[in-house]
Amino acid sequence: GETVDVSLNINGADHSFTLDARTTLLDLLRERMDLTGTKVGCNHGQCGACTILLDGTRINSCLMLAAAADGKAITTIEGLGRPDELHPMQAAFIQHDGFQCGYCTPGQILSAVGCVTEGHAGSRPEIREYMSGNLCRCGAYKGITEAVAEARD
Ligand code: FES
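A quick note: this is a predicted structure, and the numbers were derived from the prediction, not measured.

Thresholds, definitions, all that
Residues numbered from 1 in each chain as written. Predicted model: local features only at pLDDT ≥ 70, side-chain atom pairs only at ≥ 80, totals over all residues. Core = buried A, V, L, I, M, F, W, Y, C linked by C-beta atoms within 7 Å. Buried ≥ 20, exposed ≤ 12 C-beta atoms within 10 Å, placed from the backbone. Helix = DSSP H or I, 4+ residues; strand = E, 2+ residues; numbered from the N terminus. Domains from an automatic or database assignment. Contact = placed C-beta atoms within 7 Å. Pairing = 2+ DSSP bridges. Axes fitted to C-alpha atoms, helices over the stretch in contact; angles between N-to-C directions. Nonpolar A, V, L, I, M, F, W, Y, C, P; charged D, E, K, R; others polar.

This brings us to the nonpolar core. Ranked by internal contacts, the top residues of the largest apolar core, which has 40 residues, are Met 89, Ile 109, Ala 112, Cys 115, Met 131, Ala 147 and Val 148. Contributing elements (two or more residues each) for this core: strand E1 (3–10), helix H1 (25–32), strand E3 (51–54), helix H2 (88–95), helix H3 (105–117), helix H4 (124–130) and helix H5 (141–152). When residues in this core are grouped by element, the largest group, five residues, is from H3. Residues from two domains meet in this core; each of domain 1 (3–79) and domain 2 (88–152) gives at least three. In contact with Ala 112, not counting residues within four places along its chain, are Met 89, Met 131, Ala 147, Val 148 and Ala 151.

Next up on the list: the environment of Thr 36. Following the sequence through the fold, Thr 36 ends up in the loop between H1 and E3. Its 14 C-beta neighbours within 10 Å are what place Thr 36 among the partly exposed residues. Taking the C-alpha atoms as reference points, Thr 36 and Leu 8, 28 residues apart in sequence, are found 17 Å from one another.

In regular strands, side chains alternate between the two faces of the sheet. For E3 and strand E4 (residues 57–60), the ladder comprises four bridges, and the chain directions are antiparallel. When the sheet's bridge partners are listed, Ile 52 is paired in E4 with Ile 59. What sits between the antiparallel neighbours E3 and E4 is a turn of two residues, in which Asp 55 has the positive phi angle 50°.

Another point: the sheet that holds E3. Here we have five strands laid out as an open sheet, ordered E2-E1-E5-E3-E4, and mixed in their pairing. Looking at strand neighbours, the two that pair on one side only are strand E2 (13–20) and E4, the edges of this open sheet. Within the sheet, the average angular offset between the axes of one strand and its neighbour, ignoring direction, is 40°. Alignment of E3 against strand E5 (residues 73–75), held across two bridges, turns out to be antiparallel. Counterpart to Leu 53 in the pairing with E5 is Thr 75.

On domain assignment, one finds that the chain holds domain 1 (3–79) and domain 2 (88–152). Relative placement of domain 1 and domain 2: their C-alpha centres are 21 Å apart. Residue-level contacts link 14 residues of domain 1 with 14 residues of domain 2. When residues of the side of domain 1 that touches domain 2 are traced back to their parent elements, those giving at least two are E3 and E4. Examining the composition of the side of domain 1 that touches domain 2, we find that three residues originate from one element, E3, more than from any other. Taken together, the residues that form the side of domain 1 that touches domain 2 break down as six nonpolar, six polar and two charged.

Here it is as structure tokens:
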């Protein structure tokens, strides 16, 4: 098929790719970059497992073509915090039991960071509303909401 050239900053480093034009951002991250912290759930925008930050705003990476992100900056769970130090949101998830099996957790945490930085963490109902696109089969929603509220303060 048709190929495209795409340049992205991923977790602070610049990368250039030649890709099939239909490659999603999710597939690029997992298959070309080995950044497998970004999870595949439904693969059609329903579960939030694939959530990343694009120029600081959370998106579902399964719904976006890599070519549409050309020139932008991406943060995945691997790029949050520092090698020897958890990001405050990661620490808050541990403190408040914001996960059980952990599969949805990278997406939950990236969404949670977006929730705070985009100014949607004013109250617990507001947090729940913003986070409603991130499903958790284990039902860790109470801990997730508490973690976001803690990290906000
Ligand atoms: Fe992207 Fe479910 S895998 S929303």
